[in-house]
Amino acid sequence: MSRRTRALALIAAASCCLAFAPAAQANGHGHGHGHGGQAGDPGLGDPYFPLEGNGGYDAQHYDLALAYDPASDRLDGVATITARALQDLASFDLDLQQLDVSWVAVNGRRAEFVRDGQELRITPRNRLHRHSKFRVSVGYGGVPETIVGSPIVFGSPYGFLHTDDGNFVGAEPNASSTWYPSNDHPADKATYVFRVTVPEGITAVANGRLAWSRTRHGKSTFVWYEDSPMATYLATVDTGHWIIRNGRTPGGVPETVAVDPVLPDVNGVPAVDFFFDTSAEAVDFETQYFGRYPFSSTGAIADNATYNGTPLGFSLETQTKPVYSAVRNTSTIAHELAHQWFGDSVSVQTWDNIWLNEGFATFAQYLWDDYKGVRTAHEAFVLDYARLPTDPFWQTIVANPQRDTMFARAVYRRGGMTLQALREKIGDEKFFTILKTWTREHFHGNATTKQFTDLAERISGQDLDAFFNTWLYTAGKPTTW
């Protein structure tokens, strides 16, 4: 069965799965208690976000049936999650912030639930046996709250953002639970179907590829599927008015770009064409260095996104279609698309490994700027290295930057410098063999810094302990390596 056929089958199955929802909704919490088994842990113990994610099960597929009304900012949804129990479960948690839960069902039967902060603890009528598959559905709704003031992203608003004509979602690292219930940690990936209903005249764009859309009775529904495993924070649904261009990159990767019609031309080129052509070029360019493109589609979503009238300043590597809050330069687009390999396909095992995402995407900018004749990768390294030894930049421990500074500039730039320094130490042939082996061995999986350093030593045939200790684990400006 092809990936497309399998994905369409999942869509059909997911639609059938919702047949029991009205009965469960009518009875609120449901009755009964689980018998035997243990409670799944309320978190996965991530060193930066110990309560993100949940223990005891492996989420395998999300069906998100959503209705969003931009006029009221209200989101109503039924999230159906197919999972496999990793232990005998008497109860288990999902992550969900703020939004009201009206009902929960497990395997089609009403289940009890309680709320505790972002934890939604669910007790099925009967225990879930280890290794068994189960299906949990949650009916919920409300006005999703944007996260504001968090030091993690320097106080910038993120998560579910309400725009002038719809919404814009950028949820890294911990905001997915503001708009759908999930096992909200990159260690637990799953496939997705998004079925989004909006007022007629509004369009919904999401990860992956469009399966179908229809309009009737003043409402439009769009069904998107992402048939590769995806971390929760990479999921996005963006609604509003869009100019959409579909096609393929010159290398043959299916591509969809959606651009807010108010975005300006770029040097006389319509914004939709600028994003389409640049994204296609960047994907094909990066494929030669990082290995085959890891997903069945690519593209971009570029919005005119503001918060309380102030333009937002971020771009984010949501899977298959990075989101941009405005027009961005080609180097930024190359950075976000490099994340399709480094961050999206090869995801961090825990958030302290974030340089594996950002350092690698920054190195991709080195390559891109070299390709575009801006400066060579070595010149980019020298430019970053020129910072004075007293610059606070050098005090970040790249391999463990701490939660509130996990997106510090040094994680990006010193991370990229680490890779260029490694490249110059061991030579291009072995270095790019390392990158392609990395993306192949951890394809659609998770990885750690130690796994990367071990791989580098294995392929280079060199003892690189002192090198990596200098660049990744030691504060201060490197002087020898």
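Relevant structure appears above.
Residues numbered from 1 in each chain as written. Predicted model: local features only at pLDDT ≥ 70, side-chain atom pairs only at ≥ 80, totals over all residues. Heavy atoms only, no water.

J.: Explain the nonpolar core residue by residue, including any values.
T.: Ile 122, Tyr 140, Trp 179, Phe 194 and Phe 452 are the most contacted members of the largest nonpolar core, which has 137 residues in total. Excluding its chain neighbours within four sequence positions, the residues that come into contact with Phe 452 are Trp 355, Leu 356, Phe 360, Leu 419, Leu 422, Ile 434, Trp 438 and Phe 468. (Core = buried A, V, L, I, M, F, W, Y, C linked by side-chain atoms within 4.5 Å. Buried < 20%, exposed > 50% of the residue type's maximum accessible area, 1.4 Å probe, protein only. Contact = heavy atoms within 4.5 Å.)

J.: Outline the side chain of Thr 362, supporting the account with residue identities and numerical values.
T.: In this structure, Thr 362 sits in helix α5 (residues 355–371). Within the structure, Thr 362 has its side chain in polar contact with the backbone oxygen of Glu 358 (distance 2.8 Å). Residues in contact with Thr 362, not counting those within four places in the same chain, are His 335, Tyr 412, Arg 413 and Gly 416. (Helix = DSSP H or I, 4+ residues; strand = E, 2+ residues; numbered from the N terminus. Polar contact = N/O pair within 3.5 Å; in protein donor to acceptor, adjacent residues only side chain to side chain.)

J.: How would you sum up the sheet that holds strand β3 (residues 74–85)? Please name residues and give values.
T.: Read across the open sheet, the eight strands follow the order β6-β5-β9-β3-β2-β12-β15-β14; overall the sheet is mixed. The sheet terminates laterally at β6 (109–110) and β14 (209–216), the two strands that pair on one side only. As paired strands, strand β5 (residues 100–106) and β6 are joined by two bridges and run antiparallel to one another. Residue Val 106 lies in a different strand from β6, and its bridge partner there is Arg 109. (Pairing = 2+ DSSP bridges.)

J.: Any details on unusual backbone geometry? Residues and values, ideally.
T.: In the segment running from Glu 172 into Pro 173, the intervening peptide bond is cis, with an omega of 0 degrees. Assignment of secondary structure puts Pro 173 in the loop between β11 (167–170) and β12 (190–199). If you check the backbone angles, Gln 98 has positive phi at about 70 degrees while not being a glycine. Of the residues examined, Gln 98 reaches a relative accessible area of 35% and is grouped as partly exposed.

J.: So what's going on with the sheet that holds strand β1 (residues 38–39)? Residues and values would help.
T.: Across the sheet, four strands lie side by side as β1-β4-β8-β7; this open sheet has mixed pairing. Of all the strands in the sheet, just β1 and β7 (112–116) have a single pairing partner and so form its edges. Both β7 and strand β8 (residues 119–123) contribute to a ladder of five bridges, which runs antiparallel. From the neighbouring strand, Glu 112 faces β8, where its bridge partner is Thr 123.

J.: I'd like a rundown of the packing of helix α9 (residues 449–460) against helix α10 (residues 465–472), residues and numbers included.
T.: Relative to each other, α9 and α10 sit at 140 degrees, their axes nearing to 10 Å. Regarding α9 and α10, the two cross each other, and that crossing is right-handed. Taken together, the residues of α10 that come into contact with α9 (itself represented by Thr 449, Phe 452, Thr 453, Ala 456 and Glu 457) are Asp 465, Phe 468 and Leu 472. A class-by-class count of the residues in the contact of α9 with α10 yields four nonpolar, two polar and two charged. (Axes fitted to C-alpha atoms, helices over the stretch in contact; angles between N-to-C directions. Left-handed = near helix turned anticlockwise from the far one by under 90°. Nonpolar A, V, L, I, M, F, W, Y, C, P; charged D, E, K, R; others polar.)

J.: So what about the pairing of strand β16 (residues 237–240)? Which residues, and what values?
T.: Every second residue of β16 is oriented toward a common face, with Val 237 and Thr 239 on one face and Asp 238 and Gly 240 on the other, all of them buried. With four bridges connecting them, strand β13 (residues 203–206) and β16 associate as antiparallel partners. Its bridge partner lying in β16, Thr 203 is registered against Gly 240.

J.: An account of the environment of Thr 236 is needed here, citing residue identities and associated values.
T.: Its location among the elements puts Thr 236 in the loop between β15 (219–230) and β16. Residues Thr 236 and Val 169, 67 residues apart in the sequence, show an inter-C-alpha distance of 5.4 Å. A distance of 2.8 Å separates a polar atom in the side chain of Thr 236 from a polar atom in the side chain of Asp 238.

J.: So, the side chain of Asn 446: which residues are in play, and what are the values?
T.: Note that Asn 446 resides in strand β25 (residues 446–447). One polar contact links the side chain of Asn 446 to the main-chain carbonyl oxygen of Val 348, over a distance of 3.0 Å. Setting aside anything within four residues of it in sequence, one finds Asn 446 in contact with Pro 186, Ala 187, Lys 189, Ser 347, Val 348, Gln 349 and Gln 451.

J.: An account of the environment of Phe 314 is requested, with residue identities and associated values reported.
T.: Along the chain, Phe 314 falls in the loop between β21 (310–311) and β22 (315–316). The sequence separation of Phe 314 and Ser 325 amounts to 11 residues, and the corresponding C-alpha distance is 6.0 Å. Contact partners of Phe 314, with chain neighbours within four places excluded, come to Pro 157, Leu 161, Phe 168, Gly 170, Val 323, Tyr 324, Ser 325 and Arg 328.

J.: Describe the packing of aromatic side chains, naming the residues involved and giving the relevant values.
T.: Tallied over the entire structure, the rule returns 41 aromatic pairs. Their ring planes at 85 degrees and their centres at 6.1 Å tell us that Tyr 293 and Phe 295 sit as a pair that is edge-to-face. Side by side, Tyr 293 and Phe 295 carry an identical accessibility label, which is buried. Considering the side-chain rings of Phe 452 and Phe 468, the 6.3 Å spacing of their centres and the 75 degrees angle between planes classify their relative orientation as edge-to-face. Taken together, the residues span a long stretch of sequence, with Phe 452 in helix α9 and Phe 468 in helix α10 at a distance of 16 residues. Taking the relative accessible area as the measure of exposure, Phe 468 reaches 4% and is therefore buried. Three or more aromatic residues joined by ring pairs form one cluster here, namely Phe 290, Tyr 293, Phe 295, Trp 341, Phe 342, Trp 355, Phe 360, Trp 438, Phe 452, Phe 467 and Phe 468. The cationic tip of Arg 387 hangs over the ring face of Phe 393; the distance from NZ or CZ to the ring centre is 4.0 Å. (Phe/Tyr/Trp six-rings, centres within 6.5 Å; stacked < 30°, edge-to-face > 60°. Lys NZ or Arg CZ within 6 Å of the ring centre and 35° of its normal.)

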